[in-house]
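Chain residues, written in single-letter form:
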Amino acid sequence: MTRPHIEFIHTDKMPWSKKNLNKYLNGIKYKTLSVDILTNEMSLILKYPKGWKINNRSSLTVDEEIYVLTGSININNQELNEGCYAYIPANYTRELFFSSIGAEVLTFFSGKISYTNIKKKYIKKNLIKKISLYEEGWDKNYKGINSPEIASSGSKKKLLRTDTNNGDQTWIMGVIPSYQEKKVESHPVVQECFILNGEIEGNCGTMVKGSYFWRPRDILHGPYGTKTGCTILSRSKGGKLIVDYYDLDKPFDFNSKHNVLVPDKLLKYSRKKTRKITY
Ligand SMILES: [Fe+2]
């Protein structure tokens, strides 16, 4: 995996690109969160305009993983609105693909975006048409995600996908208010996160709704804590999430320093956010 360490950026500060990402996605604005320079795997937010549609039966030749942030899109009569997740494998034919009301969608492509009108076989076991956090709620147990400290806090998770070939996972974490970690940790896999709601602070500063990071494997991080609680969409790349814990030098406190690690061109999107609260 050849993406730079980005920890972290505030995606609401990024401008929408007006160039077309691809002819297939004509008219869709986007924000690029990170890109693999060798494989062209990409993480983006796509902004579908109201009334957007594809007119011809077609399919992408890469996998597309999506989480709807706002609005709604429709793929083959499957309406995907806020809080919905889907995994669309390469070559899955889209007889219908449109957005009536517009949408902002967190989108992950598994390679260079291209499309075809030729019908080919897709990998059926990889298709996830819809999982809705809002309709289905959290998982009843903590099976599938190896994160014992956060699990023991009473926080919740919803496992969305585990890749049957390489173990890569996607899940949503619902961290309880006042959570404070008693360990620092690292993972032998990449972790990619997008804050859906709330805020959480750690060794790089305070992440809020719309903050994003891509963290390479084996980077020590934490401890984390949150006063408000938060909801986080997470992906592991390079296998299932495994957590290695280490003891703290000093206990967590809610005065984290802003200490981001991002490529120079993204620095302007990663400045500390100031909150003015008066009582
Ligand atoms: Fe972690």
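Residues numbered from 1 in each chain as written. Predicted model: local features only at pLDDT ≥ 70, side-chain atom pairs only at ≥ 80, totals over all residues. Heavy atoms only, no water.

(A) Geometry of the pairing of strand E7 (residues 78-81). Inspection of the sheet shows strand E6 (residues 64-75) paired to E7 by four bridges, in the antiparallel sense. Paired with Ile75 across the bridge in E7 is Gln78. Taken together, E6 and the strand that follows it, E7, pair antiparallel across an intervening segment of two residues, in which Asn76 is found at a positive phi of about 50 degrees. (Pairing = 2+ DSSP bridges. Helix = DSSP H or I, 4+ residues; strand = E, 2+ residues; numbered from the N terminus.)

(B) Broad picture of the domain arrangement of the chain. Parsing the chain into structural domains produces domain 1 (12-136) and domain 2 (148-257). If you average the C-alpha positions of domain 1 and of domain 2, the two centres end up 25 Å apart. Taken residue by residue, the interface counts 19 residues in domain 1 and 15 residues in domain 2. With both chains or domains summed, domain 1 and domain 2 bury close to 1,600 Å², and 64% of this area falls on carbon and sulfur atoms. When the buried surface of domain 1 facing domain 2 is broken down by residue, Tyr67, Phe108 and Leu133 rank first, second and third, together holding 25% of it. Between domain 1 and domain 2 we count three salt bridges in total. Its salt-bridge partner being Glu41, residue Lys237 comes within 3.6 Å of it at the nearest N-O pair. (Domains from an automatic or database assignment. Contact = heavy atoms within 4.5 Å. Buried area = accessible area lost by both parts, 1.4 Å probe. Salt bridge = Lys/Arg side-chain N within 4 Å of Asp/Glu carboxyl O.)

(C) Expanded view of the coordination of the iron ion. Distances from the iron ion to its protein donors, Glu185 (OE), His187 (NE2) and His221 (NE2), fall within 2.0 to 2.2 Å. Expressed as a motif, the donor residue spacing for the iron ion is E-x1-H-x33-H. One end of the pair, Glu185, is in strand E16 (residues 183-186); the other, His221, is in the loop between strand E19 (211-215) and strand E20 (225-226), with 36 residues separating them in the sequence. (Donors = N, O, S within 2.8 Å, 3.2 Å for Na, K, Ca; no water.)

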